[in-house]
Amino acid sequence: VGWRHLFHCFYAGTARTGLLPPCFQSRLPCFASAVLANAAYGRPSVKAELQALGGVELILTQCQIDRQSPLAREWALWGVRNLCEGNEAAQVGNHA
């Protein structure tokens, strides 16, 4: 599964439609945040594409405590860092 496919599943809320196994549904935010955060690390083209798709906002929504998936917040913070590093457009967009 590529990061683009995972992003679209996460963004579209595929986990809520029952298309994924129940054991994966509760872990999707953590798993998706981890994949997107790592995909953006040091890759300007991925950062630009994620920003164009609304990925910065999506990752920011995960920056809260989730008792079912406590690492989701940590991965989301890593993702925000990776998406904003060296990406002035993402930094400006998040301050607006």
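Let us look at the environment of G55. Tracing the backbone through its elements, the reader meets G55 in helix α5 (residues 55-60). With 25 residues separating them in the primary sequence, G55 and V80 have C-alpha atoms 9.5 Å apart.

Before going further, it helps to examine helix α3 (residues 28-40). Helix length check: α3, at 13 residues, gives a terminal C-alpha distance of 18 Å against a target of 18 Å (1.5 Å per residue), a fit within 8%. Of all the 13 residues making up α3, 10 are buried; the element is thus mostly covered by neighbouring parts of the structure. When α3 is considered as a whole, its buried residues turn out to be L28, P29, C30, A32, S33, A34, L36, A37, A39 and A40. Downstream of α3 by one or two residues, G42 has phi in the positive range, about 65°.

Within the largest apolar cluster, 12 residues are counted, these being L36, A39, A40, V46, L50, V56, I59, A76, V80, L83, C84 and A90. Of all elements in the fold, only α3, α4 (44-53), α5 and α6 (71-84) reach the threshold of two or more residues within this core. Looking at which element gives the most residues to this core, the answer is α6, with four residues.

Time to look at the packing of aromatic side chains. For the coordinates displayed, the defined rule picks out one aromatic pair. When the ring of Y41 is compared with that of W78, the centres are 5.8 Å apart and the planes differ by 20°; the resulting orientation is stacked. In this pair, Y41 is assigned in the loop between α3 and α4 and W78 in helix α6, connecting sequence segments 37 residues apart. Note on Y41: relative accessible area 46%, which makes it partly exposed. Exposure remark for W78: the relative accessible area of 32% places this residue in the partly exposed category.

A few words now on the packing of α3 against α6. At a minimum axis distance of 8 Å, the contact between α3 and α6 shows a crossing angle of 25°. It follows from the interaxial angle that α3 and α6 lie roughly parallel. Here α3 and α6 pass one another in a crossing that is left-handed. Judged by residue contacts, P29, C30, S33, A34, A37, N38 and A40 of α3 engage L71, A72, W75, A76, W78, G79, N82 and L83 from α6. Across the contact of α3 with α6, the residue classes tally to 11 nonpolar, four polar and no charged.

Here we come to the environment of R27. Counting through the fold element by element, R27 comes out in the loop between α2 (22-25) and α3. Between the C-alpha atom of R27 and that of S69, which follows or precedes it by 42 residues, the distance is 6.4 Å.

Between α3 and α4, the least distance of the axes is 8 Å, while the angle of their chain directions is 130°. With respect to α4, the axis of α3 lies oblique. For the pair formed by α3 and α4, the contact residues are L36, A39 and A40 on the first element and V46, K47 and L50 on the second. Of the residues assigned to the contact of α3 with α4, the class counts are five nonpolar, no polar and one charged.

Conventions we followed
- Residues numbered from 1 in each chain as written.
- Predicted model: local features only at pLDDT ≥ 70, side-chain atom pairs only at ≥ 80, totals over all residues.
- Heavy atoms only, no water.
- Helix = DSSP H or I, 4+ residues; strand = E, 2+ residues; numbered from the N terminus.
- Expected span 1.5 Å × (residues − 1).
- Buried < 20%, exposed > 50% of the residue type's maximum accessible area, 1.4 Å probe, protein only.
- Core = buried A, V, L, I, M, F, W, Y, C linked by side-chain atoms within 4.5 Å.
- Phe/Tyr/Trp six-rings, centres within 6.5 Å; stacked < 30°, edge-to-face > 60°.
- Axes fitted to C-alpha atoms, helices over the stretch in contact; angles between N-to-C directions.
- Parallel < 35°, antiparallel > 145°, perpendicular 65-115°, else oblique.
- Left-handed = near helix turned anticlockwise from the far one by under 90°.
- Contact = heavy atoms within 4.5 Å.
- Nonpolar A, V, L, I, M, F, W, Y, C, P; charged D, E, K, R; others polar.

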